Every structure is written in structure tokens, then in C-alpha cells.
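Here are the chains, one letter per residue:
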2 protein chains.
Amino acid sequence: MSSDTIRLYHATASPNSRRVRIFLAEKALNVAFVPVDLGQQEQHSEAYRAINPRRVVPTLVLTDGTAIGEVPAIWRYFEEAHPARPLLGVGPVGKALVVMWERRVELEGFAAVMEGVRNAVPRLKDRAIAGSHGYEQIPGLIDRSKQRVANFYGDFDARLTEVPFVAGDEFSAADITMLVTVDFAARAFEMAIPPACGALQRWYDKVAARPSTTA
Amino acid sequence: MSSDTIRLYHATASPNSRRVRIFLAEKALNVAFVPVDLGQQEQHSEAYRAINPRRVVPTLVLTDGTAIGEVPAIWRYFEEAHPARPLLGVGPVGKALVVMWERRVELEGFAAVMEGVRNAVPRLKDRAIAGSHGYEQIPGLIDRSKQRVANFYGDFDARLTEVPFVAGDEFSAADITMLVTVDFAARAFEMAIPPACGALQRWYDKVAARPSTTA
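Everything numeric in this text was worked out from a predicted model, so none of it was measured.

1. Focus on the overall build of chain A
(1) Moving on: Each helix and strand counted, chain A has seven helices and four strands in total.
(2) Moving on: Computed over the C-alpha atoms, the radius of gyration of chain A is 17 Å, within 12% of the 17 Å expected from 2.2 N^0.38 for a compact globule of 215 residues.
(3) Moving on: Each principal axis of the C-alpha atoms in chain A carries an extent, and together these give about 50 × 45 × 30 Å.
(4) Moving on: Taken across its 215 residues, chain A has 41% of its residues classed as buried.
(5) Moving on: For chain A, contacts bridging at least 24 residues in sequence account for 65% of all contacts bridging at least 6.

Quick look at the structure:
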């Protein structure tokens, strides 16, 4: 299926979609946004499954019909095609360090919030893991996720006493995932930044003031 | 801490270490291998925590002392520093598709096996998640992980009826993670490739014959 424009299939309330929207805003890139109605389960429709068999948003569809799913993959496409305003690091070491820090934020923070939410929300009773297969919720994961998010906040508060941004001296994709994680945890998991995490809160106030974060 | 040579801290039996060793062998790159004795809990030592606060192997340490953890980050460093024999794709679209497919294999296969093993093995009773914090095992995750691995085998068997390698026409890092996942699942989780997955088995036989896989 070819098209004149690159299209991003996304949902406004989807934290993973927001990771891509902020990235695009930071790089000042425009694509056509196509909403996927998660409330109406549109991600499970035959049409959407044809472009993303994992049935998750976001998905980027290029003009030749190539579909790219997974946030780090979509980011990689835009960073390579439009290297200006780099968000995935500069040079071999810089690129590796952004991948490392962004991944740690995702594994220890973002994924923990997501796991807690998916194992708690009644409407996801049989959909505890995103994707094409159903899995039942495991209630024990809710508390474990909360412990993980608390530890994540403490660990990254310590990190941000040492460096201005998550991956070091420059704003990067690691900060995008961190910001989205904090907002997601506060909104869906009732875990805002704890008062003891002063460095993390100062980092948050600075990054949340960037115009891209309204994307 | 500076050094004359790049060092990879790894463990022979660690599947994540093997992902890096095969990558290096495919690119014909040499680094100094420094063993970390997981049986003796050396990953929790003060010396190792100083280079990797997540206390996991592998970690790459550059000659200026910069420490790079997380497999995709270590790969990114080598791919950018040594672009010959590319394993992370070519061009913006090719690179994005390798990131996507490698990540799907990791999330749906590798991570599922790891979760099952870590929540089952008696000596990891209070260490169900790798990292610097202790978490108790949740027995319900063992069965859920087995379901996930079974679905993963079915999904990627279907994929490999359509393409010769996981990410498409070329061998890539996605095949490395797939091979390591299959061997890990067979060895530690008693889940070899099922007889019904003929395309996956043919892919396995072809890839396992590459000299790099003994690394």
C-alpha cells in the first residue's frame, strides 16, 4: 500500500506513541498522524494487524508501505534519515551510551509501570501482555511493579545528581523515555516523583518545560 | 581506569554475553575477554559494580575507562566503530527493521525464557529480576513464560516460512538473539524447537552451522 506521505499510527493516550511524538517535535519533523482508537479495540482489527502483527501502537508506515513498529526502531529510522538535532547520540561511544541509558530507563522504569498497569486494570483481564496472544493477569506483579518503580526513582535521582541529563551532558531519547515514564507512573499508577528525589524533580521541571513535551 | 585494550567482561554460560561474543566473531573483531564468575557472585562485588551498577554481564570497557552495558548498546558501539560486515542493517530503513525484529525476538522470546528461569531457579529465590535490587520470585510467571515461549516459536516459525533470516534477506543481530534464545530455552527451560516448527528448525540448522556460534 503506497502513499504520498509517511504516516504514524498512534493513540493520544498511549505512552509509547508519545515517545515518538516528542522525538519528532524535538527534531522538527512532520508526518501524518493517523489515530488508532484503543477504546474501540481498533488495534485488534484486521486492517491494523496487517501493518503491525503485535497489535500495538505506534507504527510508522513509509510511502512504499514498509511498516516499522517498536519505538526504538522508529526512532532509529528518523535519526538515520534526518541526522540533524541528534537524539540518539553522536559518535560510536555517544550512540552506545544513549542506547544504554535509554534502555535502562525503559527496562527499569517504563516497563515496570506498564507491567503494573496491565496486570491491574480490569479491562485487561486476559491481556496482561501486549501482543497477539492473550495472557491472564498475575496480581502479584502489581506490588512488585510498585517496588521496581520506587527503586527506579531512587536510582535515577542519584544519577541526576551527577549529570544534567539521563545519558550525560546532552538531552537525548533517554530523557524522552524518562519523562514519559514519570507522567505515565503518576497518571496510571499513582506514583508521582517522591519528595525525597530532589534531583529527579529538578530534572523533570526542566525537561517538562520543553515545547516538545506537549506533543 | 585506562588500559591498552578494550575489555569485554562476560561469562561463558551467560546468554547475554554470548550475544556479544557471536556478534564480535561475525565481524572478526578481537577484544580482551575478562571472565566474571557468576557462580562466585562476582557480579555483586564492589569492583564489578563500579563498572556496571546493574551487576549484569556483559560490560564493555573502553581504553579510557568508559563502561558500556546492555547488549544492544555494546553492539551499537562496535557497529558504528567498525561498519564492515554490518549486523545492524544498512540504510535508515534497513537499520530500523533490524532494531524492530531483534527487539521482538528479545521481548517475546529471550525475555520470556529469562523471566521463566529467574522465577524458577532455587538459587535466585530473592533475585527474580537482574539488577541491584532484590525481588522475590512469583511462581505464576513460570507457566506464563512457557506459554509465551510456545507462542514465540509458533510466530517466528511463520515468519521464517516467508524470509530466510529473521529481519529479512540478510543475516543480522536479530538472528543472533534468536539463536541464543533457542539454545537458552532448550538448555535452561526444557523447551527445544517443537517438531511442528519446520521452518524455524531449518533456519536453526543453517544458522547454528556458522563458525561464530561456537563463540
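2. Quick word on the interface of chain B and chain A
It is common to report an interface's size as the accessible area lost on association of the parts.
(1) Moving on: On the chain A side, the residues contacting the 31 residues of chain B number 31 residues.
(2) Moving on: Going through the elements one at a time, strand S4 (67-69), helix H3 (71-81), helix H4 (91-118) and helix H5 (140-162) of chain B are the ones with two or more residues in the side of chain B that touches chain A.
(3) Moving on: Within the side of chain B that touches chain A, the residues separate by chemical class into 16 nonpolar, seven polar and eight charged.

3. Let's talk about the relation of the copies chain B and chain A
Each of the two chain copies can be brought onto the other by rotation about an axis and movement along it.
(1) Moving on: Once chain B is rotated about the relating axis by 180° and shifted along it by 0.0 Å, it coincides with chain A to within an RMSD of 0.0 Å. The relationship between the two copies is best expressed as a two-fold rotation axis.

4. Observations concerning the nonpolar core
(1) Moving on: Among the nonpolar cores identified, the biggest contains 100 residues, and Ile74 of chain A together with Ile74 of chain B are the most heavily contacted of them.
(2) Moving on: Residues within four places of Ile74 of chain A in sequence aside, it is in contact with Val20, Pro58, Leu60 and Ile68 of chain A together with Ala96 of chain B.

5. Notes on the confidence of the model for chain A
(1) Moving on: Model confidence for chain A is summarised by a mean pLDDT of 96, while 99% of its residues fall at 70 or above.
(2) Moving on: The ipTM value of the predicted complex is 0.97, and its pTM value is 0.97.

6. Notes on the pairing of strand S2 (residues 32-35) of chain B
Residues and elements named next belong to chain B.
(1) Moving on: Here four bridges tie strand S1 (residues 7-10) to S2, and the two strands are oriented parallel to one another. Note on S2: the bridge partner recorded for Arg7 is Ala32.
(2) Moving on: For the handedness criterion, the β-α-β arrangement of S1, helix H1 (residues 15-26) and S2 is classed as right-handed.

7. Points about the domain arrangement of chain A
Residues and elements named next belong to chain A.
(1) Moving on: Domain annotation of chain A identifies domain 1 (7-81) and domain 2 (91-214).
(2) Moving on: Computed from C-alpha coordinates alone, the two centres of domain 1 and domain 2 are separated by 20 Å.
(3) Moving on: Taken together, the contacts link twelve residues of domain 1 with ten residues of domain 2.
(4) Moving on: Among the elements that make up the side of domain 1 that touches domain 2, the one with the highest residue count is helix H1 (residues 15-27) (seven residues).
(5) Moving on: Across the side of domain 1 that touches domain 2, the residue classes tally to seven nonpolar, no polar and five charged.

8. What to know about H4 of chain B
(1) Moving on: Taking 1.5 Å per residue as the helical rise, H4 of chain B with its 28 residues ought to reach 40 Å, and the 37 Å between its terminal C-alpha atoms agrees with that figure.
(2) Moving on: Of all bends in H4 of chain B, the biggest is about 40°, found at Glu106 of chain B.

9. Some details on the sheet that holds S4 of chain B
Residues and elements named next belong to chain B.
(1) Moving on: What the four strands build is an open sheet, ordered S2-S1-S3-S4; its pairing is mixed. Each edge of the open sheet carries a strand with a single partner, namely S2 and S4. The sheet shows a mean angle of 25° between the axes of neighbouring strands, taken without regard to direction.
(2) Moving on: Summarising the sheet, strand S3 (residues 59-61) and S4 pair through three bridges and their orientation is antiparallel. The partner of Thr59 across the bridge, within S4, is Gly69.
(3) Moving on: Sitting on the sheet, H3 is in contact with S3 and S4, with an inclination near 125° to S4.

10. Concerning the packing of H5 of chain B against helix H7 (residues 198-208) of chain B
All names here are of chain B.
(1) Moving on: Here H5 crosses H7 at 75°, and the two axes come no closer than 7 Å. Classified by the interaxial angle, the pair formed by H5 and H7 is roughly perpendicular. Counted together, Tyr153, Phe156, Asp157, Leu160 and Thr161 of H5 and Ala199, Leu200 and Trp203 of H7 form the full contact between these two elements.

11. Considering the environment of Ile68 of chain A
(1) Moving on: Along the chain, Ile68 of chain A turns up in strand S4 (residues 67-69).
(2) Moving on: Considering only alpha carbons, one finds Ile68 of chain A and Leu8 of chain A, 60 residues apart in sequence, at a separation of 9.5 Å.

12. Some details on the sheet that holds strand S1 (residues 7-10) of chain A
Residue and element names in this part refer to chain A.
(1) Moving on: Spatially, four strands are ordered S2-S1-S3-S4 in an open sheet, and the strand pairing comes out mixed. Two strands bound the open sheet, and with one partner strand each, they are strand S2 (32-35) and S4. The sheet shows a mean angle of 25° between the axes of neighbouring strands, taken without regard to direction.
(2) Moving on: Sheet strands in contact with helix H3 (residues 71-81) are strand S3 (59-61) and S4, and its direction is about 125° off that of S4.

13. Looking at the packing of H3 of chain A against H4 of chain B
(1) Moving on: At a closest axis distance of 8 Å, the pairing of H3 of chain A and H4 of chain B adopts a crossing angle of 165°. Comparing their axes, H4 of chain B and H3 of chain A come out roughly antiparallel. Between H3 of chain A and H4 of chain B lies a crossing whose hand is right-handed. Contacts from Pro72, Ala73, Ile74, Arg76, Tyr77, Glu80 and Ala81 of chain A of H3 of chain A reach H4 of chain B at Pro92, Val93, Lys95, Ala96, Val99, Met100 and Arg103 of chain B.
(2) Moving on: Tallied by class, residues from the contact of H3 of chain A with H4 of chain B come to ten nonpolar, no polar and four charged.

14. Structural notes on unusual backbone geometry
(1) Moving on: Here the residue pair Val57 of chain A and Pro58 of chain A is connected by a cis peptide bond, since its omega of 0° sits within 30 degrees of zero.
(2) Moving on: Positionally, Pro58 of chain A belongs in the loop between helix H2 (46-51) and S3.
(3) Moving on: Phi at Ala28 of chain A takes a positive value of approximately 55°, unusual for a residue other than glycine.
(4) Moving on: Its location among the elements puts Ala28 of chain A in the loop between H1 and S2.
(5) Moving on: Judged by local crowding, Ala28 of chain A falls into the exposed class, with 10 C-beta atoms found within 10 Å.
(6) Moving on: Look at Glu190 of chain B: it is not a glycine, yet its phi comes out positive at around 55°.
(7) Moving on: Note on Glu190 of chain B: 8 C-beta atoms within 10 Å, which makes it exposed.

About the criteria used
Residues numbered from 1 in each chain as written. Chains lettered and ligands numbered in written order. Predicted model: local features only at pLDDT ≥ 70, side-chain atom pairs only at ≥ 80, totals over all residues. Helix = DSSP H or I, 4+ residues; strand = E, 2+ residues; numbered from the N terminus. Rg over C-alpha atoms; globule rule 2.2 N^0.38 Å. Buried ≥ 20, exposed ≤ 12 C-beta atoms within 10 Å, placed from the backbone. Contact = placed C-beta atoms within 7 Å. Nonpolar A, V, L, I, M, F, W, Y, C, P; charged D, E, K, R; others polar. Least-squares fit on C-alpha atoms with pLDDT ≥ 70 in both. Core = buried A, V, L, I, M, F, W, Y, C linked by C-beta atoms within 7 Å. pLDDT = per-residue confidence, 0-100. Pairing = 2+ DSSP bridges. Right-handed = clockwise from strand over helix to strand, strands pointing away. Domains from an automatic or database assignment. Expected span 1.5 Å × (residues − 1). Bend = angle between axes of the 7 residues up to and from the residue. Axes fitted to C-alpha atoms, helices over the stretch in contact; angles between N-to-C directions. Parallel < 35°, antiparallel > 145°, perpendicular 65-115°, else oblique. Left-handed = near helix turned anticlockwise from the far one by under 90°.

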